[in-house]
Amino acid sequence: MSSELTSALASIIDALNNQQVIAYPTEAVFGLGCDPDSEQAVNALLALKQRPWEKGLILIAADYAQLAPYIDDSALNERQRAAIFSSWPGPVTWVIPARPETPRLLTGRFSSLAVRVSDHPLVQQLCRQYGKPLVSTSANLSGQEPCRNADEVTQQFGAAFPVLAGSVGGRLNPSEIRDALTGEQIRQG
């Protein structure tokens, strides 16, 4: 890892530890993220996006183990787990039953949680260094197009906004969303 990237990751992790909302590149667009365990940070992200908490949020992670504290793995059978693992890491988000202690700000009005193991190298490095998943929603203000580069993030959110600069993965569409229990497609990718 280059010293520039090491320094940039350290700065972003400091922002996360200080309950700030950050922006980072994902497979298709820049994402807004924060510490999923910080009520203050999640509320700040929801306010920034003007997004109602009832809709729920997506967690993005470096591996399945990072998601284990938030999802009820025992609700899945081997076939369902195999379907999930065959698509990860990658741009498929799965809706999986949540653990009872998973914060309602993450699940919204649902008893499940949307989760993804990303194959984007910067997301992988960020989640590994941070040691847990991040909330992930598209980086854009209400009514604006999602940001596809760091300059667009700065234009929408201001020069002081913490951004992990890098390239998005080249996908044109947001991640596909599927129900882990039924396999049903909720959003086309």
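Residues numbered from 1 in each chain as written. Predicted model: local features only at pLDDT ≥ 70, side-chain atom pairs only at ≥ 80, totals over all residues. Heavy atoms only, no water.

A. Seen up close, the packing of aromatic side chains. Tallying each qualifying case throughout the model produces three aromatic pairs. Ring geometry for Tyr64 versus Phe85: centroids 4.8 Å apart, planes at 85°, classification edge-to-face. Taken together, the positions of Tyr64 in helix H3 (residues 64-67) and Phe85 in helix H4 (residues 78-87) put the pair 21 residues apart, joining distant regions of the chain. Linked through ring pairs, Tyr64, Phe85 and Trp88 together constitute an aromatic cluster. (Phe/Tyr/Trp six-rings, centres within 6.5 Å; stacked < 30°, edge-to-face > 60°. Helix = DSSP H or I, 4+ residues; strand = E, 2+ residues; numbered from the N terminus.)

B. Focus on the pattern of salt bridges. The final tally for this structure, using the stated rule, is eight salt bridges. Taking the shortest distance from any N to any O, the salt bridge between Lys132 and Asp37 comes out at 2.9 Å. Of this pair, Lys132 sits in the loop between helix H6 (121-130) and strand E6 (134-138) while Asp37 is found in the loop between strand E2 (30-33) and helix H2 (39-49), placing the two residues 95 residues apart along the sequence. Classification of Asp37 as partly exposed rests on a relative accessible area of 44%. Salt bridges sharing partners connect three or more residues here, namely Asp35, Asp37 and Lys132. (Salt bridge = Lys/Arg side-chain N within 4 Å of Asp/Glu carboxyl O. Buried < 20%, exposed > 50% of the residue type's maximum accessible area, 1.4 Å probe, protein only.)

C. Inspection of the UniProt feature "domain: YrdC-like" (unreviewed entry) in the protein chain at higher detail. Listed under "domain: YrdC-like" (unreviewed entry) in the UniProt record, and renumbered for this structure, are residues 6-189. Annotation note: span residues 6-189, helix share 32%, strand share 20%, distance between end C-alpha atoms 32 Å. (UniProt positions renumbered as here; feature names shortened; annotations may be inferred.)

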